[in-house]
Amino acid sequence: MINDIFTYILKYISTLEMTFNWSDFIQIVFLAGLLLFLYRKFIKNTSSEKFVKGLLILVCAWAVSEIMMRVDLKIIGMFLKSIVTLVSLSLIVIFQPELRRFLGFLGQVDFVTKIFNQNNKAEQKIDVVKELVESAKYLSKSHTGALIVFQSDLRNTYSDVGTKLNADLSTELLLTIFHPNTPLHDGAVVINGDKIISAGVLLPLTEDPKLSWKYGTRHRAAIGMTEVSDAACLVVSEETGDVSIAVDGSLKKYEDLITLKADLEKILGYKEEVEEDKKTIFKINNFMTIKRTGKDE
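Residues numbered from 1 in each chain as written. Predicted model: local features only at pLDDT ≥ 70, side-chain atom pairs only at ≥ 80, totals over all residues. Heavy atoms only, no water.

1. Comments concerning a nonpolar patch on the surface
On the surface, a cluster of nonpolar side chains totalling about 520 Å² of accessible area is made up of Phe30, Leu31, Leu34, Phe37, Leu38 and Phe42. Residue class for phenylalanine 42 comes out partly exposed when judged on its relative accessible area of 31%. (Patch = residues over 30% accessible without salt bridge, like charges linked within 9 Å, V, L, I, M, F, W, Y side chains within 5 Å. Areas by Shrake-Rupley, 256 points an atom, 1.4 Å probe, with all protein chains shown as cover. Salt bridge = Lys/Arg side-chain N within 4 Å of Asp/Glu carboxyl O. Buried < 20%, exposed > 50% of the residue type's maximum accessible area, 1.4 Å probe, protein only.)

2. Comments concerning the pairing of strand 4 (residues 195-201)
Burial analysis of strand 4 places five of its seven residues in the buried class, the great majority of the element. As paired strands, strand 2 (residues 163-168) and strand 4 are joined by four bridges and run antiparallel to one another. For aspartate 168, the partnering residue across the bridge sits in strand 4 and is lysine 195. (Helix = DSSP H or I, 4+ residues; strand = E, 2+ residues; numbered from the N terminus. Pairing = 2+ DSSP bridges.)

3. Details of the sheet that holds strand 7 (residues 250-254)
Spatially, seven strands are ordered 2-4-3-1-5-6-7 in an open sheet, and the strand pairing comes out mixed. Where the open sheet ends on each side, the last strands, each with one partner, are strand 2 and strand 7. Sheet twist, expressed as the mean angle between neighbouring strand axes with direction ignored, is 25 degrees. The pairing of strand 1 (residues 146-150) with strand 5 (residues 232-236) spans five bridges and is antiparallel. Considered in strand 5, the bridge of leucine 147 is made with valine 235. Here helix 7 (residues 128-141) sits on the sheet in contact with strand 1, strand 3 (188-192), strand 5 and strand 6 (243-247), set at roughly 160 degrees to strand 1. (Axes fitted to C-alpha atoms, helices over the stretch in contact; angles between N-to-C directions. Contact = heavy atoms within 4.5 Å.)

4. Here we look at the pattern of salt bridges
All chains considered together, the criterion is met by seven salt bridges. Between lysine 81 and glutamate 66 there is a salt bridge, with its nearest N and O atoms 2.7 Å apart. A residue pair is termed long-range when its members are at least 10 positions apart, and lysine 81 in helix 4 (residues 74-94) and glutamate 66 in helix 3 (residues 48-70) qualify at 15 residues. A single network of salt bridges, built from pairs that share partners, joins Asp242, Lys253 and Glu255.

5. Details of the environment of isoleucine 75
Here isoleucine 75 is to be found in helix 4. Residue classification places isoleucine 75 among the exposed residues on the basis of a relative accessible area of 74%. Separated by ten residues in the primary sequence, isoleucine 75 and serine 65 place their C-alpha atoms 9.7 Å from one another.

6. Observations concerning helix 2 (residues 22-43)
For helix 2, which comprises 22 residues, the first-to-last C-alpha distance of 30 Å matches the rise-based estimate of 32 Å (1.5 Å per residue) to within 8%. Downstream of helix 2 by one or two residues, asparagine 45 has phi in the positive range, about 60 degrees. (Expected span 1.5 Å × (residues − 1).)

7. Looking at the packing of aromatic side chains
A complete count under the given rule lists zero aromatic pairs for this structure. Taking NZ or CZ as reference, lysine 137 lies 5.2 Å from the ring centre of tyrosine 138, over its face. (Phe/Tyr/Trp six-rings, centres within 6.5 Å; stacked < 30°, edge-to-face > 60°. Lys NZ or Arg CZ within 6 Å of the ring centre and 35° of its normal.)

8. Here's the deal with the nonpolar core
Of all hydrophobic cores here, the largest spans 26 residues; its most connected members are Leu132, Leu234 and Leu264. When residues of this core are traced back to their parent elements, those giving at least two are helix 7, strand 1, helix 8 (171-177), strand 3, strand 4, strand 5, strand 6 and helix 10 (257-267). With six residues, the single largest contributor to this core is helix 7. If sequence neighbours within four positions are ignored, leucine 234 has contacts with Ala146, Leu147, Ile148, Phe150, Val243, Ser244, Ile245, Leu260 and Leu264. (Core = buried A, V, L, I, M, F, W, Y, C linked by side-chain atoms within 4.5 Å.)

Printed below as a string of structure tokens:
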């Protein structure tokens, strides 16, 4: 039986035209590259990967059934071919919604552009400053206390004390973390680049005896953190809703989001600044005094 199978395969190959030229080679390379591109873009590491493997198994089963029918194993060959046909028809019914979405995607005018633009959805950079400004706006409006640490060097940080997250930065996640009913709202959030490294972090408090009694625990922790590291801290007061940034042991309060955005861009390195402005931006005479009474926790 095995000899019959090999004889049939060799006979089938001998019937093919074996002329091979550069045109054929280019076509094969093009098709292989196209299939590889489609596999990596739409199939690899997705739920569809197992589906494609199943299709390959069906194709192999169909080829085996054809060979068996040619070598006088017609009953087994017909049985196997019938199963392949039945499963193939079943797949059309089972995956009807997916097929409908796929055909709808092909019907879009700009579907080719979408294929190549979709390419780097995961690689698109998060607008860190925008997310932070939006977060500060909502936190201030709702008088939700918050403390955010911008840490560039994670070797000198207190993030190990908190809960590890390593999550993409987003306004929604920050608002969720600092919501009063969540377990992590009482500590600080450590951010490195566009990642939230950890939350619920405990920071050292400043021991400056000259600091006004009006500043609460969050502000003292922000100032203390910037005294012992090169980090910058953004603070939102729970009592007043004031937004402030601490750098090098000094605190600056903001009255508008435009100034806050500009300073965040400079602090995080997203905007080049004149050296003179860089030296004076956090001078003590630029800081605004909190006029309201009571502690800002």
